[in-house]
Amino acid sequence: CYNELGVIYRSQGHFIPSEENFLNSIDIARANRLSIQEAVACSNFATLCEGMDAYQDSIEYHYRSIECCGFIEVPHIKRELLIGEYALITKIYVRMKKLEEAKYTIEEMDRLIGDDVSYEDYFDVNVTRLYYNAACDNTELADKYKKKSICAIYKCEDFVTYFDEIQALAAKLLEDGDYQELEKIFE
């Protein structure tokens, strides 16, 4: 409940109550050894930090989420969370213009994905690749992943889970002047 309240307050722009709820969620999850819930709460708190331009704090909490994943015993949940965390960390490093660190984290994400082609349509994976390749001035790959990100958003069934990725894609489309596509997405 605390985690959900944190998400709600964050989406309304109430950062202090959001922070309090996320930290309560982390504390309760840790005290009760609920690794999945702690990983998710750490990740959500990290995105709150990112939204307040506290990038170093954001990275710290994303890595805490990764640490929590080490205690998750359900392989597919652990893998999904890890891939998502490395995707989010990569995006932050790109924003910080730390491309060497971003290269390392995107390689970790790709290592976790391996040969599993089912991840090729994942929204968070494609948005991360879009941001990384655009920052590296690889226009061909950036365009490819922009198209894949747009396709992925239309297939997306849970907009709350991908709130940050939607925001990132919208920012990139605004930056690139793709107003018609952005309007269709908002509809």
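Note that the structure is predicted; figures quoted are calculated from it, not measured.

Enquirer: Before we go on, may I ask you to explain the overall build of the protein chain in this structure?
Expert: On a plain count of helices and strands, the protein chain comes out with 10 helices and zero strands. The C-alpha radius of gyration computed for the protein chain amounts to 16 Å, which stays within 12% of the reference 16 Å derived for 187 residues, consistent with globular compactness. Its C-alpha atoms give the protein chain principal-axis dimensions of roughly 45 × 35 × 30 Å. When the 187 residues of the protein chain are sorted by exposure, 45% land in the buried category. Summed over its atoms, the accessible surface of the protein chain is roughly 10400 Å², and 52% of this surface lies on carbon and sulfur atoms. Side chains of the protein chain give 20 positive and 36 negative charges; the mean places of these two sets differ by 3 Å.

Enquirer: Would you explain helix α5 (residues 75–95) in this entry?
Expert: Along an α-helix, a turn takes 3.6 residues, which lines up residues three or four apart on a common side. Taking 1.5 Å as the rise per residue, α5 with 21 residues should run 30 Å; its terminal C-alpha atoms sit 31 Å apart, in good agreement. At the exit of α5 stands Lys 97, carrying a positive phi of roughly 60°.

Enquirer: Could you clarify how one ought to interpret the nonpolar core in this entry?
Expert: Looking at soluble globular proteins, one finds that nonpolar side chains tend to be buried together. In this structure, Ile 83, Met 109, Phe 123 and Leu 169 are the most contacted members of the largest nonpolar core, which totals 39 residues. Counting only elements with at least two residues in this core, the list comes to α4 (55–69), α5, α6 (99–113), α7 (123–135), α8 (139–155), α9 (163–176) and α10 (179–186). In terms of residue count, the dominant contributor to this core is α5 (nine residues). With residues near it in sequence (within four places) discarded, Ile 83 still touches Met 109, Leu 112, Ile 113, Tyr 119 and Val 125. Counting 10 residues, the second-largest nonpolar core is a separate cluster that includes Val 7, Phe 22, Ala 46 and Leu 48.

Enquirer: Could you clarify how one ought to interpret the confidence of the model for the protein chain in this entry?
Expert: Parts of the prediction with low pLDDT should not have their coordinates interpreted in detail. For the protein chain, per-residue confidence averages 92 on the pLDDT scale, and residues scoring 70 or more make up 99% of the total. The least confident element of the protein chain is α9, whose mean pLDDT is 86; the most confident is α4, at 97.

Enquirer: Help me out: how do you make sense of the packing of aromatic side chains in this one?
Expert: In this description, an aromatic ring pair is defined by two values, namely the gap between the centres and the angle between the planes. Scanning the model with the defined rule gives two aromatic pairs in all. Relative to Tyr 122, the ring of Tyr 119 lies with its centre 4.6 Å away and its plane at 45°, an arrangement referred to as tilted. Taking relative accessible area as the criterion, Tyr 119 reaches 4% and is therefore assigned buried. Taking relative accessible area as the criterion, Tyr 122 reaches 24% and is therefore assigned partly exposed.

Enquirer: Looking at this model, I keep getting lost on the packing of helix α3 (residues 35–51) against α4. Mind explaining?
Expert: Where α3 meets α4, the closest approach of the two axes is 8 Å, and the angle between their N-to-C directions is 170°. Considering their axes alone, α3 and α4 lie roughly antiparallel with respect to each other. Every residue of α4 that contacts α3 at Ser 35, Glu 38, Ala 39, Cys 42, Ser 43, Phe 45, Ala 46, Thr 47, Cys 49 and Glu 50 is listed here: Tyr 55, Asp 57, Ser 58, Tyr 61, His 62, Arg 64, Ser 65, Cys 68 and Cys 69. Broken down by class, the residue content of the contact of α3 with α4 amounts to nine nonpolar, six polar and four charged.

Enquirer: What is the right way to look at the packing of helix α1 (residues 2–11) against α3 in this model?
Expert: When two helices pack together, their arrangement is captured by the angle between the axes and the distance separating the axes. Axis separation between α1 and α3 bottoms out at 10 Å; the angle between their running directions is 15°. In terms of their interaxial angle, α1 and α3 are classed as roughly parallel. Crossing hand, α1 versus α3: left-handed. Where α1 approaches α3, its residues Asn 3, Val 7 and Arg 10 are matched on the opposing element by Val 40, Ala 41, Asn 44, Thr 47 and Leu 48. When grouped by side-chain class, the residues that make up the contact of α1 with α3 number four nonpolar, three polar and one charged.

Enquirer: I keep staring at the side chain of Lys 91 and nothing clicks. Help me out?
Expert: Inspection of the secondary structure puts Lys 91 in helix α5. A polar side-chain atom of Lys 91 sits 3.4 Å from a polar atom in the side chain of Glu 50.

Cut-offs and rules
Residues numbered from 1 in each chain as written. Predicted model: local features only at pLDDT ≥ 70, side-chain atom pairs only at ≥ 80, totals over all residues. Heavy atoms only, no water. Helix = DSSP H or I, 4+ residues; strand = E, 2+ residues; numbered from the N terminus. Rg over C-alpha atoms; globule rule 2.2 N^0.38 Å. Buried < 20%, exposed > 50% of the residue type's maximum accessible area, 1.4 Å probe, protein only. Areas by Shrake-Rupley, 256 points an atom, 1.4 Å probe, with all protein chains shown as cover. Lys, Arg positive; Asp, Glu negative; His and termini not counted. Charge placed at Lys NZ, Arg CZ, Asp CG, Glu CD. Expected span 1.5 Å × (residues − 1). Core = buried A, V, L, I, M, F, W, Y, C linked by side-chain atoms within 4.5 Å. Contact = heavy atoms within 4.5 Å. pLDDT = per-residue confidence, 0-100. Phe/Tyr/Trp six-rings, centres within 6.5 Å; stacked < 30°, edge-to-face > 60°. Axes fitted to C-alpha atoms, helices over the stretch in contact; angles between N-to-C directions. Parallel < 35°, antiparallel > 145°, perpendicular 65-115°, else oblique. Nonpolar A, V, L, I, M, F, W, Y, C, P; charged D, E, K, R; others polar. Left-handed = near helix turned anticlockwise from the far one by under 90°. Polar contact = N/O pair within 3.5 Å; in protein donor to acceptor, adjacent residues only side chain to side chain.

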